[in-house]
Amino acid sequence: MKLHLLAAAAAFVLGAPIGAAPVLAPPAPLGPDVQPLVSVPAGQIALTHVRVIDGTGAAPVEDATVLIDGTKIAAVQPASAAAAPAGYRAIDLSGASVIPGLVGMHNHMFYIARPNIDASGHFEDPLVVPQMTFSAPRLYLANGVTTMRTTGSVEPYADLNVKTEIDAGRMTGPHMDVTGPYLEGANSPFIQMHQLRDADDARRTVAFWADQGATSFKAYMNITRAELKAAIDEAHRRHLKITGHLCSVTYPEAAALGIDDLEHGFFVNTQLDPGKQPDKCSDGTGTPTLLAMKPGSPEANALIKLLVDHHVAITSTLPVFEQSVPLHAPLQPRQMEVMSPQAKESYLYLRNLAASRAGTKRGDEATESYKNDLGLERQFVAAGGLLIAGPDPTGNGGVIPGFGDQREIELLVEAGFSPVEAIRIGTLNGATYLGLADRIGSIAPGKNADLFIVKGNPAANIADIENVIVVFKDGVGYESRKLLDSVKGRYGQY
Ligand SMILES: [Zn+2]
């Protein structure tokens, strides 16, 4: 009851619309569809002999005890502490590590379908993005994602209803920051998106979806500066944040307009693209700019200073770009298991095409721009910028919810971040962006018991982050294997 009052008070103070649910809703009792997926019911739980990677970037603590009391973390005790207090259910986790729940910041609920695709990559229009309302929330939670932003929606009512169902204990999935429908401009290739007519339409669209319960917004590739400005102003008037996957508007323009976040690292900044016209997406969609912008160059230094000065976050989405780098992404059997036959076929066609570009100009450019982006992301963090992370499960179909969130953290390590720094980017940094760092994002007394347990030691070998055993959300432990088994063969279907 106290929690309800606090949440209501916070919503009032922040000026959130009446009826909009906060990202972290008060936990509800779990219904009959959710209970079979639980392996550790809520209570007083002692995770003993466990390695704690706390999400702050600190060195891991070996052989610790983490006490969970109901929905909260009660204590983190060193190895020297006495045994679990009376009444606690002890779970011996020798050889395992505990990590804060991932805060996935580019986590769509849809899949990209290419009708009648063939081995040459040809498909028929229109490209459509079917909702993965059944499989995506389970895949996210199974892989350690306990909070996520949808970062652009094509069925915002479905995503809002999924959040309501999860919060009510009737569906299984993470806490959700539901992003409104893509704020896209004219001439969009995406048939499911509304095309804004003008700035007033942008303002009204934000207002409408905020009233429906959307808690964030995302501008898209063909939006104009005037439309973006109107959307930013309306979102900020309501104390909501807005990000963008941009093209028509450059990064410096968006920073000056007051955007909060930019998606896709430095891949989609068009400021140096040849032939770039104001308010129009360029043919290169940012690739020429990234190829020209070496880390440490005067252009890079100026851009990064501007972004840091304007407190603009950057969302790293390396998995979706890794797919274009020839011979880079591993073929993961665990991913293939959850895909529908059609999704597998489509992905393998496109994967083969990417591999066939090894040694070609296009393949070399993909490799080069990827390398530049990694350097710019490191430079941005070194300059004090807030880097957050998500997989973006779109592209050629090889980025799968949840698995992709883990892959993002592995790729941050490949980029040169230490494993604990990469984990911080995927946890506490996302919580900080959402304004929820006092409640989630790290393992500390008083925080929500949102965390997950993996076999092995990701601080030494980041790939161990894939060995998920159990994922706690609000103090309830969900069995990863059961969640994955429940969606076998379904991703791509529904
Ligand atoms: Zn996206």
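Above this text sits the structure in question.
Q: How do you make sense of the side chain of S216 when you look at a structure like this?
A: The residue S216 is located in strand β10 (residues 216-219) in this model. Here the side chain of S216 touches T179 through a polar contact of 2.8 Å, side chain to side chain. In contact with S216, not counting residues within four places along its chain, are R149, D177, V178, T179, G180 and K241.

Q: Help me out: how do you make sense of the environment of L350 in this one?
A: Residue position: L350 is located in helix α11 (residues 341-356). With relative accessibility at 14%, the residue L350 sits in the buried group. It is 34 Å that separates the C-alpha atoms of L350 and P100, two residues lying 250 residues apart in sequence. Setting aside residues up to four positions removed in sequence, L350 forms contacts with R114, I117, G121 and N396.

Q: For this particular structure, what's the right way to read helix α13 (residues 403-414)?
A: What sets the pattern is the α-helix's 3.6 residues per turn: residues three or four places apart point alike. Its 12 residues place the ends of α13 16 Å apart at the C-alpha level, agreeing with the 16 Å of an ideal helix rising 1.5 Å per residue. Across the 12 residues that make up α13, a large majority, 10, are buried. Within α13 the residues assigned to the buried category are F403, G404, D405, Q406, R407, E408, I409, E410, L411 and L412.

Q: Whenever I open this one, unusual backbone geometry confuses me. Can you help?
A: Phi is mostly negative for residues that are not glycine, and the peptide bonds are mostly trans. Residue P126 is bonded to the preceding D125 through a cis peptide linkage, with omega at -5 degrees. Following the sequence through the fold, P126 ends up in the loop between β7 (102-104) and α2 (135-142). The phi torsion at D279 lies on the positive side, around 65 degrees, for a residue other than glycine. On the secondary structure map, D279 appears in the loop between β12 (261-263) and α7 (287-292).

Q: Sorry if this is basic, but what is going on with the pairing of strand β13 (residues 313-316) here?
A: Where a strand is regular, its side chains alternate between the two sheet faces. Burial of β13 is two-sided: the residues A313 and T315 facing one way and the residues I314 and S316 facing the other way are all buried. With 3 bridges connecting them, β12 and β13 associate as parallel partners. Across the sheet, L262 pairs through a bridge with I314, a residue of β13. As paired elements, β13 and strand β14 (residues 387-389) share 3 bridges and run parallel to each other. Counted as the bridge partner of S316 is A389 from β14.

Q: Please clarify how the packing of aromatic side chains should be interpreted in this entry.
A: Each pair of aromatic rings is reported with the distance of its centres and the angle of its planes. Taken as a whole, this structure holds 11 aromatic pairs when the rule is applied. Each ring, one from F110 and one from Y182, has its centre 6.4 Å from the other, and the planes form 50 degrees; the classification is tilted. Of this pair, F110 sits in the loop between β7 and α2 while Y182 sits in the loop between β9 (175-177) and α4 (199-212), and the two are 72 residues apart along the sequence. Just as F110 is buried, Y182 falls in that class too. Where Y111 meets Y491, the ring centres are 5.6 Å apart and the plane angle is 80 degrees; that geometry is what we call edge-to-face. Linking Y111 in the loop between β7 and α2 with Y491 in the segment after α16 (480-485), this pair joins segments that are 380 residues apart in sequence. Take Y111 and Y491: they sit in the same class, and that class is buried. Linked through ring pairs, F110, Y182, F190 and Y220 together constitute an aromatic cluster. Across the ring face of F123, the terminal group of R114 is positioned such that the distance to the ring centre comes to 5.9 Å. Against the face of Y433 rests K241, its NZ or CZ located 4.3 Å from the ring centre.

Definitions and limits used
- Residues numbered from 1 in each chain as written.
- Predicted model: local features only at pLDDT ≥ 70, side-chain atom pairs only at ≥ 80, totals over all residues.
- Heavy atoms only, no water.
- Helix = DSSP H or I, 4+ residues; strand = E, 2+ residues; numbered from the N terminus.
- Polar contact = N/O pair within 3.5 Å; in protein donor to acceptor, adjacent residues only side chain to side chain.
- Contact = heavy atoms within 4.5 Å.
- Buried < 20%, exposed > 50% of the residue type's maximum accessible area, 1.4 Å probe, protein only.
- Expected span 1.5 Å × (residues − 1).
- Pairing = 2+ DSSP bridges.
- Phe/Tyr/Trp six-rings, centres within 6.5 Å; stacked < 30°, edge-to-face > 60°.
- Lys NZ or Arg CZ within 6 Å of the ring centre and 35° of its normal.

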